[in-house]
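For reference, the chains in residue letters:
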Amino acid sequence: MQTVEALVGPRSEAAPMGREARLPQGALLLAPMVALSHRALRELILGFDAAGPRRGLDLAYTEMTSAAALTAHSVFDECFIDAGPEPARVVYQFYTTKSEGFREALAMVADRGVFGVDINFGCSAPHILRSGGGAAWMREPKEAANLVRIARSAWSASLSAKLRIGAEDDYGSLRDFCLGLIEAGIDFLTLHPRLEGQKFRRSGRWDYVARLAQELSVPLVGNGDIRGFGDWSRWMAEARPAGIMIGREAVRRPWIFALIRGCEADSAFELRVDLRETAFRFLDLVEKRLPPEFHESRAKRFFSYYCDNFSFAHHLNVKLQRAADPASMRQILDEYLDEVPGDRIALERA
Ligand SMILES: Cc1cc2nc3c(=O)[nH]c(=O)nc-3n(C[C@H](O)[C@H](O)[C@H](O)COP(=O)(O)O)c2cc1C
């Protein structure tokens, strides 16, 4: 079995980050996902560290947080910028529609001890695009570079940005956009290789990741459609990114990072996962770490992915989506496992 270093090869040996924090070699990253990438999910994932030969997750992005809402002291700020339990493995993702006020937002999180801050240039949800945030910045390369320049002058830890291909299927425009950000001081980039507005139906263009990773002078993380060790090792070898970011599969299988590291070290690696215990632990974390107003919605969001682990996924998910609180969700899970006891343990391997 090849190691990550062997797969990445010499190109990224000396990732030119140059500031306080460096992207670990062949890093595994948790993607920013609204209503999913919060402290409870992060703690659940970190709990699987001990299951593999070495730690699984290197960096966990928070869901995108509005810089304007933060500076206006909106009500759930503390939850959005909770960097626990290990701030050094956290990247705050910010979303903004303008450069004014961004410096102030960064100043508000300067003492949190996080690995870094990421700027969202990739979200293409219609309301975000209309407001001029997310992927709308990719239509304004000079403005985007200016935002990075402002952030760079105000932020000394890692500064990164997450992108899509852009509005057009045009590699040259994407590369030029990236070069502007690099010139403005970005430390690394993540590419989710889909066009603006493109949904998940068609697979991502990892050929874009491969080409860009070769041409940029900063590390490039690839993201999109990683479902397991096979996808991970394929794209590490073929696209040679500096790291790989995983989103939806990390909600379905929060042990995915531990599994990848385990299989990387030993192709016969197996992980025995107690699906009941994992779900219950997640619900405990939701109740402990998130404000009460979020318990029901965040638990339901999680289960809409996690239920895929069960034989009767749709049936179970429909019931959980009708539950009013975590206590009822625990009861529904137990009733299901009484009926289908064989579903409790999943044996995970490459
Ligand atoms: C529910 C959901 C919420 C998302 N929220 C964000 C976000 O806040 N910021 C962002 O940059 N991307 C966001 N994304 C995109 C993901 O970060 C990631 O790029 C995408 O899901 C592809 O990765 P995957 O195939 O591993 O899931 C979101 C995706 C999903 C499914």
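Every chain is numbered independently, its residues counted from 1 as its sequence is written. The predicted nature of this model means local features are confined to residues of pLDDT at least 70 and side-chain atom pairs, given and counted, to a pLDDT of 80 or more, with totals for whole chains, interfaces and linings taken over all residues. Think of the side-chain values as coming from all heavy atoms in the structure, minus any hydrogens and water.

Undergrad: Quick one: what's the story with the overall build of the chain, residue by residue and with numbers?
TA: We count a stretch as a helix when DSSP gives it H or I for four or more residues in a row; a strand needs E for two or more, and each element gets its number in order from the N terminus. Along its length, the chain carries 16 helices and 11 strands. Note that the radius of gyration is over C-alpha atoms, with the globule rule given as 2.2 Å times the number of residues to the power 0.38. For 350 residues, the compact-globule formula gives about 20 Å, and the C-alpha radius of gyration of the chain, at 20 Å, lands near that figure. C-alpha atoms of the chain, sized along the principal axes, occupy 60 × 50 × 35 Å. Out of the 350 residues in the chain, the part that is buried amounts to 58%. Each residue gets one of three labels from its accessible area relative to the maximum for its type: buried under 20%, exposed over 50%, partly exposed in between, using a 1.4 Å probe on protein chains only.

Undergrad: Can you tell me about unusual backbone geometry, naming the residues and giving the values?
TA: Most of the time, phi is negative for any residue but glycine, and the peptide bond is trans. Residue Gly84 is joined to Pro85 through a cis peptide bond whose omega torsion reads 0 degrees. Mapped onto the fold, Pro85 is located in the loop between helix 4 (77-80) and strand 4 (90-95). Residue Arg240 is not a glycine yet carries a positive backbone phi of 50 degrees. On the secondary structure map, Arg240 appears in the loop between helix 10 (229-238) and strand 9 (243-246). Under the relative-accessibility criterion, Arg240 is labelled partly exposed at 25%.

Undergrad: Talk me through the packing of helix 15 (residues 313-321) against helix 16 (residues 326-339); I want residue IDs and the actual numbers.
TA: In the contact formed by helix 15 and helix 16, the axes pass within 9 Å of each other and the chain directions differ by 155 degrees. Accordingly, the angle class assigned to the pair helix 15 and helix 16 is roughly antiparallel. For the pair helix 15 and helix 16, the sense of crossing is right-handed. Seen from helix 15, the contacting residues are His315, Leu316, Lys319 and Leu320; seen from helix 16, they are Met329, Ile332, Leu333 and Tyr336. Grouping the constituent residues of the contact of helix 15 with helix 16 by class yields 6 nonpolar, 1 polar and 1 charged. Fitting a line to C-alpha atoms yields each axis, with helices limited to the stretch in contact; the angle taken between N-to-C directions then spans 0 to 180 degrees. Between 65 and 115 degrees an angle is taken as roughly perpendicular, under 35 as roughly parallel, over 145 as roughly antiparallel, and anywhere else as oblique. The crossing is said to be left-handed when, going from far helix to near helix, the turn is anticlockwise and less than a right angle, and right-handed when the turn is clockwise. Whether two residues touch is decided by their heavy atoms; if any such pair falls within 4.5 Å, the residues are in contact. Lys, Arg, Asp and Glu make up the charged group, whereas Ala, Val, Leu, Ile, Met, Phe, Trp, Tyr, Cys and Pro make up the nonpolar group; the residues left over, Gly among them, are polar.

Undergrad: Report on helix 9 (residues 206-215), specifying residues and quantitative values.
TA: Structurally, the α-helix is built with 3.6 residues per turn, so residues lying three or four positions apart point the same way. Taken residue by residue, helix 9 has Trp206, Tyr208, Val209, Ala210, Leu212 and Ala213 as its buried positions. The elements touched by buried residues of helix 9 are helix 8 (171-183), strand 7 (188-191), strand 8 (220-223), helix 10 and strand 9.

Undergrad: I'd love a proper account of empty space enclosed by the protein, names of residues and values included.
TA: Both cavities and pockets are sets of points on a 1 Å grid over the protein atoms alone; in a cavity a 1.4 Å probe fits but cannot get out, in a pocket the set is open with protein on both sides within 12 Å along at least five of seven lines, and lining residues sit with an atom within 4 Å of a point. Grid points are joined across faces, edges and corners, and a volume is the space filled by probe spheres set on the points. Applying the stated rule across the entire model yields 3 cavities of 30 Å³ or more. Its boundaries defined by the atoms lining it, the largest cavity holds a volume of some 70 Å³. Along its surface, the largest cavity is lined by Ser37, His38, Arg39, Arg42, Thr62, Glu63, Cys79, Phe80, Asp82, Leu290, Phe294 and Arg298. Looking at the lining of the largest cavity, the elements that each hand over two or more residues are helix 2 (39-46), helix 4 and helix 14 (292-306). Per-class residue counts for the lining of the largest cavity are 4 nonpolar, 3 polar and 5 charged. Residue ranges for the domains originate in an automatic or database domain assignment. For the lining of the largest cavity, the domains that each give at least three residues are domain 1 (4-268) and domain 2 (272-349). Reported here for the second largest cavity is a volume of approximately 50 Å³. Along its surface, the second largest cavity is lined by His315, Leu316, Lys319, Ile332, Glu335, Tyr336 and Glu339.

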